[in-house]
Amino acid sequence: MSGGEPGRAVHDAVPSPDESLAGWFPAEDPAGERWWDGHRWSSHVRPTPHPTRVRWAGLRWGGTGGPVLQVVTGTLLLLGGRVSLLVALEGGSLRLPAAAVTLVAVIGGAMLLVNASFCWRLESRRRPAGVAGSPPEAQLAHVRWLGVLWGVGRGWSQRSFVVGSVVTLAALFAVVVTLLTWPDSAWGDAAVGGTVALVLALLGAMCLADGWFRLVLERRRRAAGIPMPRRDDA
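Note that this is a predicted model, so its numbers are computed, not measured.

Colleague: Break down the nonpolar core for me, citing the residues and quoting the values.
Modeller: The biggest cluster of nonpolar side chains holds eight residues, and these are Val71, Val72, Ala116, Val167, Ala171, Leu200, Leu203 and Cys207. Every element with two or more residues in this core is listed here: helix H1 (67–89), helix H3 (157–180) and helix H4 (187–223). A per-element tally of this core places H4 first, with three residues. Once you skip the residues sitting within four places of it in the chain, Val167 turns out to touch Val72, Leu76, Leu200, Leu203 and Gly204.

Laid out in structure tokens, this is it:
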């Protein structure tokens, strides 16, 4: 099967079992596409025709950032907002500053979670289901696992590994504190400590999984001869 000419994607042919359809498909840059000739990635790139942002409720959402780190940061902000809320409810001289911190943390965390959902939604539109292209083991834009798109957006595996490790250590610390204070704590306090530890553990696991899949994508790009972007561009 001929790979065709870059600039013209073929979507009306049925590929044979041992080859895939040629065309423009999402690759390493969320804002661009690379030509797949039916067998391998080429050096031809173009800006993506799909939007990287969408307007909703008067704001522009999405972008090229990694949604997993946005989920982790947003959830941590919400947890921090809960702590500052407790400080504000206790009264005292820190009531107003704590209330302001709570408001900023809750709004910022919620906005990050909403933006992450838009990032995942926009990424899924870049490669619609049922459209043939590069096989799953050669895709450069993301990895689909457990129904989730991993490695989405610009970023480095090392960053995800570092954040995941720090959050996982925080989860272990929360477990230790909860166990040490268990005999003298009320059931409600112990439940809160256990919940915080569980949430942190899940967030750490998400970051570590995202880092692993980013590492897989980075190795695929090196194998395809695609230069890695500079770290300050990621």
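Additional details are given in the paragraphs that follow.
Colleague: Describe the pattern of salt bridges, and please don't skip the residues or the numbers.
Modeller: Side chains bearing opposite charge may pair, as long as their charged atoms lie close to each other. Tallied over the entire structure, the rule returns six salt bridges. The closest approach of N and O atoms between Asp29 and Arg154, which form a salt bridge, is 3.0 Å. Linking Asp29 in the loop between strand E1 (23–26) and strand E2 (32–36) with Arg154 in the loop between strand E7 (148–150) and H3, this pair joins segments that are 125 residues apart in sequence. Taking the shortest distance from any N to any O, the salt bridge between Arg214 and Asp210 comes out at 2.9 Å. Note that Arg214 and Asp210 are positioned in helix H4 at a spacing of four residues, about one turn of the helix. Pair check on accessibility: Arg214 and Asp210 agree, each one buried.

Colleague: Explain the pairing of strand E3 (residues 41–47) residue by residue, including any values.
Modeller: Within a regular strand, side chains alternate between the sheet's two faces. As paired strands, E2 and E3 are joined by four bridges and run antiparallel to one another. Counted as the bridge partner of Gly32 is Pro47 from E3.

Each value, and the rule that gives it
Residues numbered from 1 in each chain as written. Predicted model: local features only at pLDDT ≥ 70, side-chain atom pairs only at ≥ 80, totals over all residues. Heavy atoms only, no water. Core = buried A, V, L, I, M, F, W, Y, C linked by side-chain atoms within 4.5 Å. Buried < 20%, exposed > 50% of the residue type's maximum accessible area, 1.4 Å probe, protein only. Helix = DSSP H or I, 4+ residues; strand = E, 2+ residues; numbered from the N terminus. Contact = heavy atoms within 4.5 Å. Salt bridge = Lys/Arg side-chain N within 4 Å of Asp/Glu carboxyl O. Pairing = 2+ DSSP bridges.

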